[in-house]
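Report on the structure
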Amino acid sequence: MAKAKSQKSRISVVTVKNIDALHRVYVVSSAQVDDYSRTYEVHISREPSCNCPQGLKTKKEICKHIIWVYLFVLGVRETSSLLNQVYLSEDEIRKMFVNIPPISPAAVGTMGASCPAEQTVQNDRCFHEPKSTNYEPASEANARSPFLLKFLASNVKVCAGCPRPNNTFRAHELQDPPAPYNMVICHKEIRQWIEDGEVRRSPTVQNTYYHADLKCVRKNNPTFEKNLLVIPAAMKNELKLEHKLYLRLHFDIDI
């Protein structure tokens, strides 16, 4: 379990395939120290398995990729005996799957088949570290304003936490990003930006938008923490599987 927890941010879900009510396949990407990733298939079924080297070597132990899916995708508790079981009962599988709704329609067939049930979950939207500036903490201007999670609206163009020209929400402003990257965080604050090498600030508090990424929000709000994110009840009903996985992995939020 220690290995899985230490690599929480280095492993990510690539696709999810729903084989049947008692069998799902999570294709995960595991970042390596040599700057590239390896992809493995994690089968959650009566006999959990993974095609990583450790998973192929022995059937008597659960590899870190299976444990990672248990902990950070299916929401299994660290104290659960499931983390050490090489076989699962039907009841145990159903209880795990109820945390994450199945993908519809079900993907039946070979692992390489392309079907509508495949859901792609990419890595973080922001691949850069925000540049260092003399920005002031914007949260001090309006500390009581909530950090609201919203879907990207057509009139919202740029992320206030990303340096230009990488601050747009849409590639070449052509189309909305796919789920889960069509979520943004909105906060009322003094807007700040760089112009002619100097920091400019809006005269009044305005709606300011960020990628749903801790690094972006903390650019202007260094004290922002995951538990400060507010998700409106109406939005929760519209979240897809990709959104829920992203929120669980990056904000420790279970919906």
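Residues numbered from 1 in each chain as written. Predicted model: local features only at pLDDT ≥ 70, side-chain atom pairs only at ≥ 80, totals over all residues. Heavy atoms only, no water.

In the annotation of an unreviewed UniProt entry, the entry for the chain reads Ring finger domain, and the organism field reads Paramuricea clavata.

Describing the packing of aromatic side chains
Heads up, the rule is: Aromatic contacts are taken between Phe, Tyr and Trp rings whose centres are within 6.5 Å, Trp giving its six-membered ring; a plane angle under 30 degrees counts as stacked, one over 60 as edge-to-face, and the others as tilted. Comment: elements are numbered from the N terminus, with helices defined as DSSP H or I runs of at least four residues and strands as E runs of at least two. In this scheme, a residue with accessible area under 20% of its type's maximum is buried, one over 50% is exposed, and one in between is partly exposed, where area comes from a 1.4 Å probe on protein chains only.
Counted under the stated rule, the structure contains 3 aromatic pairs. Ring centres 5.7 Å apart and planes at 85° place the aromatic pair Tyr181 and Tyr246 in the edge-to-face group. Here the residue Tyr181 occupies a position in the loop between β6 (147-151) and β7 (183-195), and Tyr246 occupies one in helix α7 (residues 241-251), the gap between them amounting to 65 residues. Classification of Tyr246 as buried rests on a relative accessible area of 3%.

Some thoughts on unusual backbone geometry
Of note, the bond from Ala179 into Pro180 is cis; its omega dihedral lies within 30 degrees of zero at 10°. Structurally, the position occupied by Pro180 is in the loop between β6 and β7. Positive phi, close to 55°, is recorded for Asp252, a residue that is not glycine. Checked against the element boundaries, Asp252 lands in the segment after α7.

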